[in-house]
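These are the residues of each chain, in order.
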Amino acid sequence: MWYIFFGFVIVAIVLYLLGNYTFWLPYKSKKLPRIIMLHQVDPNLEASGMNIPPHKFEILLKYLVKKEAVFCFVSELEQYQGKNNVFALSFDDGFLDNYKYAYPLLKKYNAKATIYLATQIEGIDKLNTEQIREMADSGTVEFGAHTQHHVNLLKSSDSKAYEEISNSKKDVEALVGVCHSFAYPFGRYNEKHQQMVQEIGFKNAVSTRKKIEYYSANNQFELPRISVSGMMNKLQMRIALAKGRYKL
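Residues numbered from 1 in each chain as written. Predicted model: local features only at pLDDT ≥ 70, side-chain atom pairs only at ≥ 80, totals over all residues. Heavy atoms only, no water.

Undergrad: Just give me the short version of the packing of helix H5 (residues 158–176) against helix H6 (residues 191–200), but keep the residues and values in it.
TA: One way to put it is that H5 packs onto H6 with a least axis distance of 10 Å and a crossing angle of 35°. Crossing geometry of H5 relative to H6 is assigned as right-handed. Between H5 and H6, the residues in contact are Asp158, Ala161, Tyr162, Ile165, Ser166 and Lys169 and Lys192, His193, Met196, Val197, Glu199 and Ile200, respectively. Per-class residue counts for the contact of H5 with H6 are six nonpolar, two polar and four charged. (Axes fitted to C-alpha atoms, helices over the stretch in contact; angles between N-to-C directions. Helix = DSSP H or I, 4+ residues; strand = E, 2+ residues; numbered from the N terminus. Left-handed = near helix turned anticlockwise from the far one by under 90°. Contact = heavy atoms within 4.5 Å. Nonpolar A, V, L, I, M, F, W, Y, C, P; charged D, E, K, R; others polar.)

Undergrad: Quick one: what's the story with the pattern of salt bridges, residue by residue and with numbers?
TA: Pairs can form between side chains of opposite charge whenever their charged atoms are close. Inspection of the entire model under this criterion finds nine salt bridges. Taking the shortest distance from any N to any O, the salt bridge between Asp92 and Arg225 comes out at 2.9 Å. Here Asp92 is found in strand E3 (residues 86–93), whereas its partner Arg225 is found in the loop between strand E7 (204–206) and strand E8 (226–227), with 133 residues between them in sequence. Taking the relative accessible area as the measure of exposure, Asp92 reaches 3% and is therefore buried. Where Glu164 meets Lys160, a salt bridge forms, and the shortest distance between an N and an O atom there is 3.7 Å. Here Lys160 and Glu164 lie together in helix H5, a separation of four residues that amounts to about one turn. Owing to a relative accessible area of 33%, Lys160 belongs among the partly exposed residues under this scheme. (Salt bridge = Lys/Arg side-chain N within 4 Å of Asp/Glu carboxyl O. Buried < 20%, exposed > 50% of the residue type's maximum accessible area, 1.4 Å probe, protein only.)

Undergrad: Give me the pairing of E3: which residues, what numbers.
TA: For E3, the buried fraction is high: eight of the eight residues fall into the buried class. Sheet topology places strand E1 (residues 34–38) next to E3; five bridges connect them, and they run parallel. Residue pairing across strands places Ile35 opposite Ala88, the latter belonging to E3. Both strand E2 (residues 70–71) and E3 contribute to a ladder of two bridges, which runs parallel. Bridged to Val70 within E3 is Val86. In this fold, the crossover linking E3 to strand E4 (residues 113–117) by way of helix H3 (residues 97–108) has right-handed handedness. (Pairing = 2+ DSSP bridges. Right-handed = clockwise from strand over helix to strand, strands pointing away.)

Structure, rendered in C-alpha cells:
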C-alpha cells in the first residue's frame, strides 16, 4: 500500500504548489497598471499579510526599479493609460512606520506612493501632522482618504457612510490641500458607496479585489490591487506582480 500513500503525498505537494504559486494563471500585459496594496513596513513586527518588513519592501523596490517601473500616484493612473510598466504603490490606514521606514526607501529609489489616511482611526501608532505634510511636500507621497474612523461601510447607514467618506476627504484636504483618491476600509462597499465617492469629488477609488485590469470608467471607483504580503518569497512576489495574485 506504500504506493497509495506516496500518491497522496504527490497530490498534496502538487495542490500546495498550485495554491501557493499561481504560475498557471494568465500573464497580464505590461500595459495594464499594477496597483500594489500595503499596510505596515515595521521591522519590529513579524512578517504577515499586514506587515512587510523594510528589507522585503526594499527587495520589492529594487525589483521594480530593475524592471524599469514607472511609478505614479493612484490619482495619476488615468494619464498613464496604455503605457508600459506603470506601478502605483499604496498604503492603507496611515501607520507611523510608513514615515519611519517606508518613506526613506521611497526616496532612495525615487518611487512614489499613495497613503490612504483613516484620519481619526484609533488603536494604531499613526502619522502626525508634521510627518504627513513633510511627505506631501516632498512630492514622493500623495494622501488619499480611507474614511475617518476606518468603518465598514456595509455596516453603516447611508448617511453615516456618506459622512465618513466626505469628512475624511475634508480632513486630508485640511492637512495637505488636496485629496483625489479613496480606499474602502476592509474592502467593503457596494454600488451606492461608489456613487457617493464620485459625488463627493474623488477622481477614483481602490478596492481589495486581487486583479490587474485596465483603468476605465467601468472600474474607476473600484480599482483592483495586488496584495503584497510580508510572508511571500521572491518568486511569489514576481508571480503576484505578473498575474495579480501569488496564491489562491
